[in-house]
Amino acid sequence: MTDLVDWSGFTQTVSVIELCIAGYCLYRLVKPFLQSAKAALATGGIYFLTMLMLYVMPFYCDAFMAYALGSLAAFMVMCGLERRNYFQKAFLAITYFSLRWFTAAMAELLYDNLYCMVENTMWYQGDSPMRMQFMVYVGVCIFYLVMVLVITDGAVCCITRSYVCKYEQMSKRELLMLVIPSFLGVAGYKIIRYYRSFYMQENGKPPETYDMLLLVYCGVAVMVVVILIMLYQNLKAAQEEKSANQMLSAQIDNLKRHIEQVENLYQDIRSMKHDMTNHVLTLERLYSENETKEAEDYVRELKAAFIETVGEIKSGNPVTDVILREWKTEAEKKNIQFQCDFHYPTGSNINVFDISVILNNALQNAVENAGGGGALHISIRSYRRNNAYMIEISNSFTGNLQWDTESRLPVTSKGKTDSHGYGLNNIRKIAAKYFGDIDFAIKNEEFILSIMLMME
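Residues numbered from 1 in each chain as written. Predicted model: local features only at pLDDT ≥ 70, side-chain atom pairs only at ≥ 80, totals over all residues. Heavy atoms only, no water.

**Here's the deal with the overall build of the protein**
- Tallying secondary structure elements over the protein gives 12 helices and five strands in all.
- The proportion of buried residues among the 456 residues of the protein is 44%.
- Nonlocal contacts in the protein, meaning residues at least 24 apart in sequence, comprise 72% of its contacts between residues at least 6 apart.
- Accessible area for the protein stands at about 25300 Å²; split by element, carbon and sulfur atoms hold 60% of it. (Helix = DSSP H or I, 4+ residues; strand = E, 2+ residues; numbered from the N terminus. Buried < 20%, exposed > 50% of the residue type's maximum accessible area, 1.4 Å probe, protein only. Contact = heavy atoms within 4.5 Å. Areas by Shrake-Rupley, 256 points an atom, 1.4 Å probe, with all protein chains shown as cover.)

**Describing the environment of Ala 105**
- Structurally, the position occupied by Ala 105 is in helix H4 (residues 86-119).
- Spatially, the C-alpha atom of Ala 105 lies 7.5 Å from that of Leu 215, the residues being 110 residues apart in sequence.
- Excluding residues that lie within four positions of it along the chain, Ala 105 makes contacts with Tyr 189 and Cys 218.

**Let's talk about empty space enclosed by the protein**
- For the coordinates displayed, the defined rule picks out one cavity of 30 Å³ or more.
- Of the pockets and cavities examined, the largest cavity occupies roughly 60 Å³.
- What lines the largest cavity is Tyr 163, Cys 165, Glu 168, Gln 169, Met 170, Glu 174, Tyr 232, Gln 233 and Lys 236.
- By residue number, the principal contributor to the lining of the largest cavity is helix H8 (residues 210-288), which donates three residues.
- Considered class by class, the residues forming the lining of the largest cavity number four nonpolar, two polar and three charged. (1 Å grid on protein atoms, 1.4 Å probe; cavity = no way out; pocket = protein on both sides within 12 Å on 5 of 7 lines; lining within 4 Å. Points joined across faces, edges and corners; volume = space filled by probe spheres on them. Nonpolar A, V, L, I, M, F, W, Y, C, P; charged D, E, K, R; others polar.)

**A look at the sheet that holds strand S1 (residues 337-341)**
- The strand order across the open sheet built from five strands is S1-S2-S3-S5-S4, with neighbouring strands paired in mixed fashion. The outermost strands of the open sheet, each flanked by one partner alone, are S1 and strand S4 (437-443). Within the sheet, the average angular offset between the axes of one strand and its neighbour, ignoring direction, is 15 degrees.
- The pairing of S4 with strand S5 (residues 446-454) spans seven bridges and is antiparallel. Following the sheet pairing, Ile 438 is matched in S5 by Ile 451.
- Sheet contacts for helix H10 (residues 318-333): S1 and strand S2 (377-385); angle to S1, the most-contacted strand, approximately 160 degrees. (Pairing = 2+ DSSP bridges. Axes fitted to C-alpha atoms, helices over the stretch in contact; angles between N-to-C directions.)

**Description of the packing of aromatic side chains**
- Under the counting rule described, the total for this entry stands at seven aromatic pairs.
- An angle of 80 degrees between the planes, with centres 5.2 Å apart, marks the rings of Tyr 67 and Trp 101 as edge-to-face. On the criterion of sequence distance, the pair formed by Tyr 67 in helix H3 (residues 63-81) and Trp 101 in helix H4 is long-range, its members being 34 residues apart.
- Residue class for Tyr 67 comes out buried when judged on its relative accessible area of 11%.
- Clustering of aromatic rings is evident, with ring pairs tying together Phe 33, Phe 91 and Tyr 163. (Phe/Tyr/Trp six-rings, centres within 6.5 Å; stacked < 30°, edge-to-face > 60°.)

**Description of the packing of H10 against helix H11 (residues 352-369)**
- At a closest axis distance of 10 Å, the pairing of H10 and H11 adopts a crossing angle of 5 degrees. Between H10 and H11, the angle falls in the class roughly parallel. Together, Val 319, Thr 320, Ile 323, Leu 324, Trp 327, Glu 330 and Ala 331 of H10 and Val 352, Ile 355, Ser 356, Leu 359, Asn 360, Leu 363, Gln 364 and Val 367 of H11 make up the contact between the two elements.
- Looking at the contact of H10 with H11 residue by residue, the classes come out as 10 nonpolar, four polar and one charged. (Parallel < 35°, antiparallel > 145°, perpendicular 65-115°, else oblique.)

**Focus on H3**
- Under the 1.5 Å per step criterion, the end-to-end length of H3 is 27 Å for 19 residues, consistent within 8% with the ideal 27 Å.
- For H3, the set of buried residues is Ala 66, Tyr 67, Gly 70, Ser 71, Ala 73, Ala 74, Val 77, Met 78 and Cys 79. (Expected span 1.5 Å × (residues − 1).)

**Points about the side chain of Ser 71**
- The residue Ser 71 is located in helix H3 in this model.
- Given a relative accessible area of 7%, Ser 71 falls into the buried group.

**Concerning the layout of surface pockets**
- In this structure, the second largest pocket spans a volume of roughly 940 Å³.
- In this structure, the second largest pocket is lined by 33 residues; those nearest its centre are Glu 18, Ala 63, Tyr 67, Glu 108 and Tyr 144.
- Elements with a contribution of two residues or more to the lining of the second largest pocket: helix H1 (2-30), helix H2 (37-56), H3, H4, helix H6 (130-162) and helix H7 (172-203).
- The leading source of residues in the lining of the second largest pocket is H4, at seven residues.
- Among the residues making up the lining of the second largest pocket, the classes are represented as 23 nonpolar, three polar and seven charged.

**A word on the confidence of the model for the protein**
- Model confidence for the protein is summarised by a mean pLDDT of 79, while 75% of its residues fall at 70 or above.
- The spread of mean pLDDT over the elements of the protein runs between helix H5 (residues 122-125), the lowest at 61, and strand S3 (residues 388-396), the highest at 92.
- Low pLDDT (under 50) marks residues 1-5, which in the prediction has one contact with non-local residues, meaning those over four places away or in another chain.
- Taken as a whole, residues 414-421 scores under 50 in pLDDT and shows 13 contacts with residues more than four places along the chain or in a different chain. (pLDDT = per-residue confidence, 0-100.)

**Quick look at the packing of H11 against helix H12 (residues 423-433)**
- At a minimum axis separation of 9 Å, H11 and H12 run at an interaxial angle of 150 degrees. When the axis of H11 is compared with that of H12, the two are roughly antiparallel. Remark: the crossing between H11 and H12 carries left-handed chirality. Contacts from Asp 354, Val 357, Ile 358, Asn 361, Ala 362 and Asn 365 in H11 reach Gly 423, Leu 424, Asn 426, Ile 427, Ile 430 and Lys 433 in H12.
- Looking at the contact of H11 with H12 residue by residue, the class counts come to six nonpolar, four polar and two charged. (Left-handed = near helix turned anticlockwise from the far one by under 90°.)

This is the structure we're talking about:
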């Protein structure tokens with residue numbers, strides 16, 4: 001009687017450990033997609049508790065219903081803790097629902113075949129002690145648990161590594177495309193299991209090729225789910241690369257336009273220089289005739305014309321002058337105060353094209369995201385610290401940001417359907433080119449972007 005109790009108790013322990021593994025693998029799956037690690041831990045924990053409750057309940061609940069209820073509970077927890085991207089959360093719950101079916105079935109088939117091989121040995125069928133048979137059972141159960149962990153976690157790792165855009169909003173169309181293989185796979189699995197039960201009722205045992213067929217089917221089903229996600233994400237990555245290249249092309253076009261504006265500026269300056277002799281003669285005549293007021297008015301108009309031509313911003317480089325003036329004008333159109341203390345690093349190894357990419361992207365983000373209850377403002381300054389050239393752009397900002405845990409960049413509210421989503425990433429690439437990096441800070445209702453470039 002003691003032996004029977006020990007066997008039954010160990011079987012229950014194995015079932016609970018399997019549920020722990022299932023909760024852990026779900027935690028591993030959802031963690032990269034959620035902003036908070038606590039939310040991912042709660043999702044895995046609730047899944048485990050739900051499955052455990054269904055396991056110990058006195059009435060019968062088949063595996064299909066149990067897996068469905070566990071996945072539904074996990075989905076509800078994710079949505080409750082992070083109210084965003086619900087389609088993606090549905091994708092995660094449905095995908096894990098199918099993976100649990102396939103991976104558990106594969107591990108069970110391997111377990112059954114291994115146990116049958118041991119049971120058919122002469123040693124086991126002989127007078128082997130009950131304790132030794134129990135140890136064999138323990139070893140085979142450990143093998144089963146290891147297979148569950150390895151197969152499920154392996155599939156989870158493939159999905160999380162290949163899924164590139166973890167924080168991008170998933171559309172309904174994307175959800176349907178990605179979960180259809182999971183539904184079809186589970187439906188096929190249920191059909192095979194049905195015919196297996198029907199065959200056993202007729203013949204008393206399953207077909208000889210059944211186990212191998214079901215094992216191959218489950219393995220192929222897992223591969224189809226994983227490979228489809230990988231292919232889709234590779235396609236998205238290629239589209240992102242194409243968009244990034246398009247943005248780079250747009251940056252080059254912007255630089256060409258800035259150079260044309262610089263040429264026009266020089267042309268205006270040359271015209272003013274050409275007329276300067278006449279202006280000086282006019283002023284001399286006015287002062288010689290004691291027309292002081294007229295002379296002062298003339299100087300005021302001349303100064304205004306000069307400022308309009310040359311501009312108030314003098315950064316040390318005509319290209320950056322044009323860029324800064326453009327964004328100053330754009331900010332003022334939106335009633336945003338623009339303060340500039342930027343100086344181009346003349347005589348350094350830093351290329352003006354790279355600086356123009358940084359300024360255009362950073363100031364575009366600042367102008368589009370400046371907000372708050374008080375006066376809107378943007379400030380840009382640059383300075384040298386030893387061998388480092390620093391650029392700081394700050395804008396008024398109130399609210400919270402979401403962060404991509406992989407890229408460590410703020411997640412754009414616009415998504416990556418336009419070039420805005422690539423701006424900070426391009427700034428980081430420029431900084432890395434000069435062995436530098438970028439940093440972010442939010443304090444005193446300001447968002448501050450710091451860029452460090454190393455000079456030779």
